[in-house]
Amino acid sequence: SLSLLGCSSLMARLPLLTAGLSLRIRALGYWSLVYGYCALCAGAALLKLWWSFVIRPSATFQRAARETPPGCLSDTSLGTHCYVRIKESGLRFHYVAAGERGKPLMLLLHGFPEFWFSWRHQLREFKSEFRVVAVDMRGYGESDLPLSTESYRLDYLVTDVKDIVEYLGYSRCFLVGHDWGGTIAWLFAIHYPEMVVKLIVLNSPHPSVLADYALRHPSQLLKSSHFFFFQLPRFPELMLSINDFKALKSLFTSRNTGVSRKGRWLTTEELEAYLYAFSQPGALTGALSHYRTVFSFLPLSQNDVRSPVLLLWGERDAFLEQDMAEACRIYIRNHFRLNIISGASHWLQQDQPDIVNTLIWTFLKEGEGRKAYRN
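Residues numbered from 1 in each chain as written. Predicted model: local features only at pLDDT ≥ 70, side-chain atom pairs only at ≥ 80, totals over all residues. Heavy atoms only, no water.

### A word on the environment of Glu-194
Now for step 1: In this structure, Glu-194 sits in the loop between helix H4 (180-191) and strand S6 (196-202).
Now for step 2: Separated by 113 residues in the primary sequence, Glu-194 and Ser-307 place their C-alpha atoms 8.4 Å from one another.
Now for step 3: Once residues lying within four places of it in the same chain are set aside, the contact partners of Glu-194 are Ser-171 and Arg-172. (Helix = DSSP H or I, 4+ residues; strand = E, 2+ residues; numbered from the N terminus. Contact = heavy atoms within 4.5 Å.)

Listed below in structure tokens is the structure:
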């Protein structure tokens, strides 16, 4: 009878043991994919480095001295440069603010490789109705740069947004995010729905959509290869900085990834502003650290977005496939508007600022209209 009881107990536990084993196998497969793809990306980058050195050995590791910021970064028409120190984290954040204090808060979160300056067209546009704040995320621009990679966990980045909103004297905001800033904006709206009046995201899918879609579509996995490459220590910083930051320049100016032909090209001074920002000590490491903890936070435990959402998408995005934009709808429990902008690149708010600003105004005036502007 004891043996029968033992068998019965084992049979009862069998589904749990099987489920646990299945989970471990999936986890092993997931991390094997991550690190295997990291190795593949590293090999491709090594070949690129070797070829660059063969062609231009003297120029590969040279870079221009950039000690003085370009004049466009101190353009007073963009707003006032301010700083806020968050007591809880001890970090100091830099931001540029336009519009009168007391007006509803519009908080702008930039992506990679950007900083507050990527929102210059929106700072000018929305200051008539809003207190517009373009922040340098932790590790970017003039904001503090924590040294530990662990300091860039997604939950810390989301908490930064909450702390900044509250330290600016607000309880809620109109939240706008692009690229990586869009990811943080999605997560903030998921975890703090009461603090988001309306959510506006540019070329950044809901995080769960990106994770699910990339695993099912090899073409998107290839376009997302930088997520894997950036997991490597130090080597990505080297590759982005060789030949006087040629890779960074190419992101904004090349035919494949840069601003579209129909778009508003970056001036030489505007491009230099980006090179100045990322040539500062530790700047590239701070920016890349945002990527270096991301795989530990997937899949998400919460997904639903309860704020009204506007998703703007550049048709010619070289990094993200357009099918993901419509797929975001399944996680939104409120009004959802999707606008695909013809011919526009990934750098949407800089590429097509007039169209982007018009679509944002239209969305802001929908539903509650101007009543929603009140904090």
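### Thoughts on the packing of aromatic side chains
Now for step 1: Summed over the entire model, instances satisfying the criterion amount to 22 aromatic pairs.
Now for step 2: Here Phe-115 and Tyr-274 contribute two aromatic rings whose centre-to-centre distance is 5.4 Å and whose plane-to-plane angle is 85°, an arrangement assigned as edge-to-face. Taken together, the positions of Phe-115 in the loop between strand S3 (105-109) and helix H2 (120-126) and Tyr-274 in helix H9 (residues 268-278) put the pair 159 residues apart, joining distant regions of the chain.
Now for step 3: By relative accessible area, which is 2% here, Tyr-274 ends up buried.
Now for step 4: With a centroid separation of 5.6 Å and 85° between ring planes, the pair formed by Trp-116 and Phe-117 is classed as edge-to-face. A single burial state applies to Trp-116 and to Phe-117, both of which are buried.
Now for step 5: Through successive ring pairs, a cluster of aromatic residues spans Phe-112, Trp-180, Phe-227, Phe-229, Phe-230, Phe-235 and Tyr-291.
Now for step 6: Its guanidinium or amino end placed over the ring of Phe-117, Arg-120 lies 4.4 Å from that ring's centre, counting from NZ or CZ.
Now for step 7: Across from the ring centre of Tyr-156, 4.5 Å away, lies the NZ or CZ of Arg-153, which sits over that ring. (Phe/Tyr/Trp six-rings, centres within 6.5 Å; stacked < 30°, edge-to-face > 60°. Buried < 20%, exposed > 50% of the residue type's maximum accessible area, 1.4 Å probe, protein only. Lys NZ or Arg CZ within 6 Å of the ring centre and 35° of its normal.)

### Comments concerning helix H13 (residues 353-364)
Now for step 1: The terminal C-alpha atoms of H13, which comprises 12 residues, lie 16 Å apart, in line with the 16 Å expected from a rise of 1.5 Å per residue.
Now for step 2: For H13, the full list of buried residues reads Pro-353, Val-356, Asn-357, Ile-360, Trp-361, Phe-363 and Leu-364. The buried residues of H13 all sit within an arc of 165° when viewed along its axis, so they share a single face. (Expected span 1.5 Å × (residues − 1). Arc of directions from axis to C-beta.)

### Overview of the pattern of salt bridges
Now for step 1: Within the structure shown, the criterion is met by 16 salt bridges.
Now for step 2: Residue Asp-160 pairs with Arg-138 through a salt bridge whose shortest N-O separation is 2.6 Å. In this pair, Asp-160 sits in helix H3 (residues 154-167) while Arg-138 sits in the loop between strand S4 (131-135) and H3, placing the two residues 22 residues apart along the sequence.
Now for step 3: Given a relative accessible area of 6%, Arg-138 falls into the buried group.
Now for step 4: Where Asp-244 meets Lys-249, a salt bridge forms, and the shortest distance between an N and an O atom there is 3.5 Å.
Now for step 5: Looking at Asp-244, the relative accessible area reads 14%, which means it is buried.
Now for step 6: Using a relative accessible area of 25% as the deciding quantity, one classes Lys-249 as partly exposed.
Now for step 7: Linked by salt bridges that have partners in common, Arg-66, Asp-244, Lys-249 and Glu-272 make up one network. (Salt bridge = Lys/Arg side-chain N within 4 Å of Asp/Glu carboxyl O.)

### Comments concerning the pairing of S4
Now for step 1: For S4, the buried fraction is high: 5 of the 5 residues fall into the buried class.
Now for step 2: Neither face of S4 is exposed, since Arg-131, Val-133 and Val-135 on one face and Val-132 and Ala-134 on the opposite face are all buried.
Now for step 3: Pairing between strand S2 (residues 92-98) and S4: 4 bridges, direction antiparallel. When the sheet's bridge partners are listed, Ala-98 is paired in S4 with Val-132.
Now for step 4: Pairing geometry for S3 and S4, over 5 bridges, is parallel. The partner of Leu-107 across the bridge, within S4, is Val-133.
Now for step 5: With respect to chirality, the unit in which S3 leads through H2 into the neighbouring parallel S4 is right-handed. (Pairing = 2+ DSSP bridges. Right-handed = clockwise from strand over helix to strand, strands pointing away.)

### Things to note about the sheet that holds S6
Now for step 1: Taken in spatial order, the 8 strands of this open sheet run S1-S2-S4-S3-S5-S6-S7-S8, and their pairing is mixed. A single partner strand is all that each edge strand has here, and the edge strands are strand S1 (80-85) and strand S8 (336-341). Direction aside, neighbouring strands of the sheet carry axes that sit 20° apart on average.
Now for step 2: Where S1 lies against S2, 6 bridges are found, and the strand directions are antiparallel. Bridging from a neighbouring strand, Tyr-83 pairs with His-94 of S2.
Now for step 3: Together, S1, S2, S3, S4 and strand S5 (173-178) form the strand contacts of H3, whose direction differs from that of S3 by roughly 150°. (Axes fitted to C-alpha atoms, helices over the stretch in contact; angles between N-to-C directions.)

### With respect to the side chain of Thr-257
Now for step 1: The residue Thr-257 is located in the loop between helix H8 (235-253) and H9 in this model.
Now for step 2: The buried category is assigned to Thr-257, whose relative accessible area is 16%.
Now for step 3: Of note is the side chain of Thr-257, whose polar atom sits 3.2 Å from the backbone oxygen of Leu-251.
Now for step 4: Not counting residues within four places of it along the chain, the set of residues in contact with Thr-257 comprises Ser-250, Leu-251, Ala-318, Phe-319 and Trp-347. (Polar contact = N/O pair within 3.5 Å; in protein donor to acceptor, adjacent residues only side chain to side chain.)

### A word on unusual backbone geometry
Now for step 1: A cis geometry characterises the amide bond from Phe-112 onward to Pro-113, with omega recorded as -10°.
Now for step 2: With respect to the secondary-structure elements, Pro-113 resides in the loop between S3 and H2.
Now for step 3: For Asp-179, which is not a glycine, the phi torsion comes out positive at approximately 55°.
Now for step 4: One can find Asp-179 in the loop between S5 and H4.
Now for step 5: Residue classification places Asp-179 among the buried residues on the basis of a relative accessible area of 14%.
Now for step 6: For Asp-244, which is not a glycine, the phi torsion comes out positive at approximately 55°.

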